[in-house]
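Below, each chain spelled out in residue letters.
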Amino acid sequence: VENVRLLDRLSSRKSALGTLYLTATHVIFVENGSETRKETWVLHSQISSIEKQATTATGCPLLIRCKNFQVIQLVIPQERDCHDIYISLIRLARPVKYEELYCFSFNPKLDKEEREQGWKLVDLNEEYNRMGIPNNYWQISDVNRDYGVCDSYPTEVYIPKSATAHIIVGSSKFRSRRRFPALSYYCKDNNASICRSSQPLSGFSARCLEDEQMLQAIRKANPGSDFIYVVDTRPKLNAMANRAAGKGYENEDNYSNIKFQFIGIENIHVMRNSLQKMLEVCELKSPSMSDFLWGLENSGWLKHIKAIMDAGIFIAKAVAEEGVSVLVHCSDGWDRTAQVCSVASLLLDPYYRTMKGFMVLIEKDWVSFGHKFNHRYGNLDGDPKEISPVIDQFIECVWQLMEQFPCAFEFNERFLIHIQHHIYSCQFGNFLCNSQKERRELKIQERTYSLWAHLWKNRTDYLNPLYRSDHSQTQGTLHPQMAPCNFLYKFWSGMYNRFEKGLHPRQSVTDYLMAVKEETQQLEEELEVLGERLANLQKSQLNDNKFKSKQQDRSKQLGLSTSNNSLANTPQEYSNDLKSFPSRSPSQGDEEDSALILTQDNLKSSDPDLSANSDQESGVEDLSCRSPSGGGCLPSEDSGKDSDEAVFLAV
Amino acid sequence: MLRSSQPLTGPNRKRCREDEMLLGTVLDEGERGFIIDTRSAQAAKQARMMGGGTEPKSSYPRWRRLHRPLERGRPLQESFIKLVEACNDSSINMDRWLSRLESCRWLSHVKAALSTACLAAQCMDREEASVLVHGAEGTDTTLLVTALAQVILDPSCRTLAGFQGLLEREWIEAGHPFHLRCARSAYSHARLKQEAPLFLLFLDCVWQLSRQFPFSLEFGEHLLLTLFDNAYASAYGTFLCNNEKERQVGREVGTALCLCKVKESTHSLWAWLNQPGEKKKYLNPLYSHNTLVIWPSVEPQSIQLWQGLFFRWIRSSQYLDEAWAEIQRLVEGN
């Protein structure tokens, strides 16, 4: 559709005129005329909702809200076209079969072996080995090898040595969805462990010998302690209400040597509403400080984040300081349990704060343990009541920790944002379906690519320049302040206002420091080479001129400069009063500035939003410029459209 | 950019040819100017009854008046006191914290100050028009706006030396009554009438700029905290008294004339800060001279609570300090 307007979210004056394209996988807006031919690509999988607004004099507005918090406001000239687009997008954004998803057509041009290698990058067996298992207390069990015991669990589970298959099966029958207690994290320093399960089917008085034995087995696997904590991450009222439905929680009287603890984290419906309210605050036009703070508080979002964090801290303390094992569950053991176990692991073990370790953590506590990605993030059209930002909250907890401990994580904020983006994008196969069983049935690993391999390939974009593995902050357990610390929780505008360029600092400290680090490294290497050359100078004749010119080229390349014109920014609308005053045409100044902002120097290869040609999403070769110094710039000629992939349906 | 105090128009709409001429000479042929009045239109109108007022359109035809009310005086001090109380209150739950923060209104004041300074800067940079800023006395919100606007517009004000010069010019010499305004701070029970944290508000706004433009200021948070400390209590004479007259000539205390002679009898804070050994503590390792205007975002998401100041004694800054040390190390290593 031609003559479509794309409105700027913050500045209502600015809008771009262009053409809208609908393809099998994307919505694409291409701006007319401008030299850079700025393109905005949106994957159908990312579309959360589409709103047709009242027709105005300028046309029919269409508002597209995305799961990665991008909000696109279009104005379509003809009502008929607007309606057609609306109907099409509704259908495209709600796929019925997995095969409709982008990951099945995405082609990064890797061969079969590379694809396989990509999937092997994260190996959970290796991970449990790293923890020190199998050992005297823990072993791997194949009791679930055909998913016969629990269809949402992986085929390989780790259980205490003293838990026989009989105990496991018996316990699984007493747990919601058959999700019996299994190992999430083992601390080899003191044998304390974090296990996870779902709620017991205890009702008001039911008991199960095998389940009680299972918990005993967990306790016995830690000779350093004579009891275990059982942590129910639900609010007490909700857990009690579950008893009427024949479920509930562990009675301390029936289970010997447990200390029971409620940590009230609200359920998926509360969280879904909380996010909704917070996004409404983000959509306010020019809110006052009051509007914003009240709105944020009313949403309750930060309160929930803190609740998850506090639960993780409690468990980490139990393991690290008290040396006591913990069994964690919620209702079904795949939402709050996953959040809390992964936060605790992150606090306890510095490995999970490395890039690789973080991927392993998600693979372990989310993917393998059957978090319902499809239901929660809407890969396919499903029950809207199942949708909830569960993993988003976990990712935010990590960000909050990164803000408190800037040197402790090997990866940076961009890493987190891209992971969140791809959980919804369905461009890679890692986060499809609801369980390992479903993914194997669909042969995901043979038919799609792994996100981890993709991120790993681009890992230099995701590094935190302040991270040093030998730094005091990166060693051992992290101790976030528990109280008083409400103020430590900040609003994550990098995520929820990700696409609003005007809100963010123009200059990325992370990127600058990474470039500095790279340059220092190169200079040090060069120093070494020079040292050798100097030594060789006595032995053989060197051409002085050749040497000098190399030096000059290098220093030109490596000249770091942040003070160049590409950092010009534009003022936001501070006042409407200036409009009626005779002044220069706004386009004069603004055009210059906005063109400068989109120069090559500022395009990051793997950021789908900054890269105007979203090459990542079309699977074409990267447009990349790693460092502000300009080293390694590979401009590509075409604007990122692969004619094999995109099927243009000019509506 | 000019600053002044309010014109004494009064209830009888007095005129003053000299004042009109003075403002007339500022503008070139055919040029127009803006007057940014830091009081609300209503407050400015009420001021007329007390002998003050605004510049009437008829007498100053080439000047367009904009009102941008900024808080000052008692209400600002209350805002500050409430904020410090809230920060110290360990009993607040997470679900009440933000509304408590909001009720202090401090962040709203930061937003308003930045917006107004940006407006002044925009008039000059984008509209290429002259700007006159005044409130009532011209010693509080006026200086806040003019000083902040210069940090936004002028890269030389963002250097350590330039910033010191700015403070000297726009706050100290311009006659911000430090002695009255920075008397007891937030914990004192004595609610002095003349006390108000305008200077702190200015420092907070500068901190917001440093957060949004991490490469553009030659100095870091440490300098801002040091300035805050010294405005209230100092071993140096820089922030003493209320104006240049008091500093040179002295002031009447009771019946005795107190000869301050600040320059002869005290040391300058700047002299100390600029010593090579001291200076490097205040420098921003990320600084890179940026000749451009820095336009901050004044959206609520972009304005944050200055933790380094308000939680200075409440939470450890260890991890953040380590991060800065690491940044320093990386930059120096290069």
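From a predicted model like this one, the values you see are computed outputs, not experimental measurements.

**Digging into the overall build of chain B**
Consideration 1: A tally of regular secondary structure across chain B gives 16 helices and six strands.
Consideration 2: Expected size for 334 residues packed as a compact globule is a radius of gyration near 20 Å; at 21 Å, chain B falls within 12% of this value.
Consideration 3: Taken along the three principal axes of its C-alpha coordinates, chain B extends 60 × 50 × 50 Å.
Consideration 4: Here chain B, with 334 residues, has 57% of them falling under the buried criterion.
Consideration 5: For chain B, long-range pairs separated by at least 24 residues make up 79% of all intrachain contacts whose partners lie at least 6 apart in sequence.
Consideration 6: Counting 40 positive and 38 negative side-chain charges, chain B places the averaged centre of each group 6 Å from the other.

**Side note on the overall build of chain A**
Consideration 1: Scanning chain A for helices and strands turns up 22 helices and 14 strands.
Consideration 2: Counting only residues that meet the buried cut, chain A has 56% of its 651 residues in that class.
Consideration 3: In chain A, of all internal contacts separated by at least 6 residues, the share reaching a separation of at least 24 is 69%.
Consideration 4: Carbon and sulfur atoms form 49% of the exposed surface of chain A, whose accessible area is close to 27300 Å².

**Observations concerning the packing of helix 9 (residues 301-322) of chain A against helix 13 (residues 390-404) of chain A**
Residue and element names in this part refer to chain A.
Consideration 1: Two elements in contact, helix 9 and helix 13, have axes separated by 10 Å at closest approach and are oriented at 80°. Relative to helix 13, the element helix 9 lies roughly perpendicular. In this structure, helix 9 contributes Trp 301, Leu 302, His 304, Ile 305, Ile 308 and Met 309 to the contact, and helix 13 contributes Gln 393, Glu 396, Cys 397, Gln 400 and Leu 401.
Consideration 2: Class assignment for the residues of the contact of helix 9 with helix 13 results in seven nonpolar, three polar and one charged.

**Concerning the sheet that holds strand 3 (residues 26-31) of chain A**
Strands belonging to one sheet form pairs held by backbone hydrogen bonds; the direction of such a pair is parallel or antiparallel.
Residue and element names in this part refer to chain A.
Consideration 1: Taken in spatial order, the seven strands line up as 4-3-2-1-7-6-5 in an open sheet, and their pairing is antiparallel. Both outer strands of the open sheet, strand 4 (39-43) and strand 5 (47-52), are each paired with one neighbouring strand and no more. Averaged over neighbouring strand pairs, the angle between their axes works out to 30° when direction is ignored.
Consideration 2: Note that strand 5 and strand 6 (residues 60-66) share five bridges and pair antiparallel. From the neighbouring strand, Ile 50 faces strand 6, where its bridge partner is Ile 64.
Consideration 3: Against the sheet, helix 1 (residues 79-92) contacts strand 2 (15-22), strand 3, strand 5, strand 6 and strand 7 (71-76), and its axis sits at roughly 155° relative to strand 5.

**Comments concerning the pairing of strand 3 (residues 63-67) of chain B**
Residues and elements named next belong to chain B.
Consideration 1: Summarising the sheet, strand 2 (residues 33-37) and strand 3 pair through five bridges and their orientation is parallel. Pairing of Gly 33 across the sheet is with Trp 63, part of strand 3.
Consideration 2: Handedness of the β-α-β unit built from strand 2, helix 2 (residues 41-49) and strand 3 comes out right-handed.

**Notes on the UniProt feature "binding site: substrate" (unreviewed entry) in chain A**
Residue and element names in this part refer to chain A.
Consideration 1: Sites flagged by UniProt as "binding site: substrate" (unreviewed entry) map to Asn 267, Ile 268, Cys 330, Ser 331, Asp 332, Gly 333, Trp 334, Asp 335 and Arg 336. Look at the named residues: they lie 70 residues apart in sequence, but the longest C-alpha span between them is just 12.3 Å, so in the fold they bunch up.
Consideration 2: Its location among the elements puts Asp 332 in the loop between strand 14 (326-329) and helix 10 (336-348).
Consideration 3: Judged by relative accessible area, Asp 332 falls into the buried class, the value being 15%.
Consideration 4: A polar side-chain atom of Asp 332 sits 3.3 Å from a polar atom in the side chain of Arg 177.

**Section: the UniProt feature "coiled-coil region" (unreviewed entry) in chain A**
Consideration 1: With numbering matched to this structure, UniProt assigns "coiled-coil region" (unreviewed entry) to residues 513-540 of chain A.
Consideration 2: Between the end C-alpha atoms of residues 513-540 of chain A there is a gap of 39 Å, over a span that is 89% helix and 0% strand.

**Some words on the domain arrangement of chain A**
All names here are of chain A.
Consideration 1: The domain boundaries assigned to chain A delineate domain 1 (4-94) and domain 2 (112-512).
Consideration 2: Taken over C-alpha atoms, the centre of domain 1 sits 35 Å from the centre of domain 2.
Consideration 3: With 13 residues of domain 1 in contact, the opposing surface of domain 2 contributes 22 residues.
Consideration 4: Summing both partners gives a buried area of about 1500 Å² for domain 1 against domain 2, and 54% of it is carried by carbon and sulfur.
Consideration 5: It is Arg 9, Lys 67 and Phe 69 that lose the most area in domain 1 upon contact with domain 2, and together they represent 44% of the buried surface on that side.
Consideration 6: Taken together, the connections running from domain 1 to domain 2 amount to one salt bridge.
Consideration 7: The salt bridge involving Arg 65 is made with Glu 283; its shortest N-O contact spans 2.5 Å.

**A short note on the state of the cysteines**
Residues and elements named next belong to chain A.
Consideration 1: Under the criterion given, the structure shown has zero disulfides over all chains.
Consideration 2: Sulfur of Cys 208: no disulfide; nearest cysteine sulfur belongs to Cys 150 and is 15 Å away.
Consideration 3: On the basis of relative accessible area, Cys 208 is assigned to the buried category, the value being 8%.

Cut-offs applied
- Residues numbered from 1 in each chain as written.
- Chains lettered and ligands numbered in written order.
- Predicted model: local features only at pLDDT ≥ 70, side-chain atom pairs only at ≥ 80, totals over all residues.
- Heavy atoms only, no water.
- Helix = DSSP H or I, 4+ residues; strand = E, 2+ residues; numbered from the N terminus.
- Rg over C-alpha atoms; globule rule 2.2 N^0.38 Å.
- Buried < 20%, exposed > 50% of the residue type's maximum accessible area, 1.4 Å probe, protein only.
- Contact = heavy atoms within 4.5 Å.
- Lys, Arg positive; Asp, Glu negative; His and termini not counted.
- Charge placed at Lys NZ, Arg CZ, Asp CG, Glu CD.
- Areas by Shrake-Rupley, 256 points an atom, 1.4 Å probe, with all protein chains shown as cover.
- Axes fitted to C-alpha atoms, helices over the stretch in contact; angles between N-to-C directions.
- Parallel < 35°, antiparallel > 145°, perpendicular 65-115°, else oblique.
- Nonpolar A, V, L, I, M, F, W, Y, C, P; charged D, E, K, R; others polar.
- Pairing = 2+ DSSP bridges.
- Right-handed = clockwise from strand over helix to strand, strands pointing away.
- UniProt positions renumbered as here; feature names shortened; annotations may be inferred.
- Polar contact = N/O pair within 3.5 Å; in protein donor to acceptor, adjacent residues only side chain to side chain.
- Domains from an automatic or database assignment.
- Buried area = accessible area lost by both parts, 1.4 Å probe.
- Salt bridge = Lys/Arg side-chain N within 4 Å of Asp/Glu carboxyl O.
- Disulfide = S-S within 2.5 Å.

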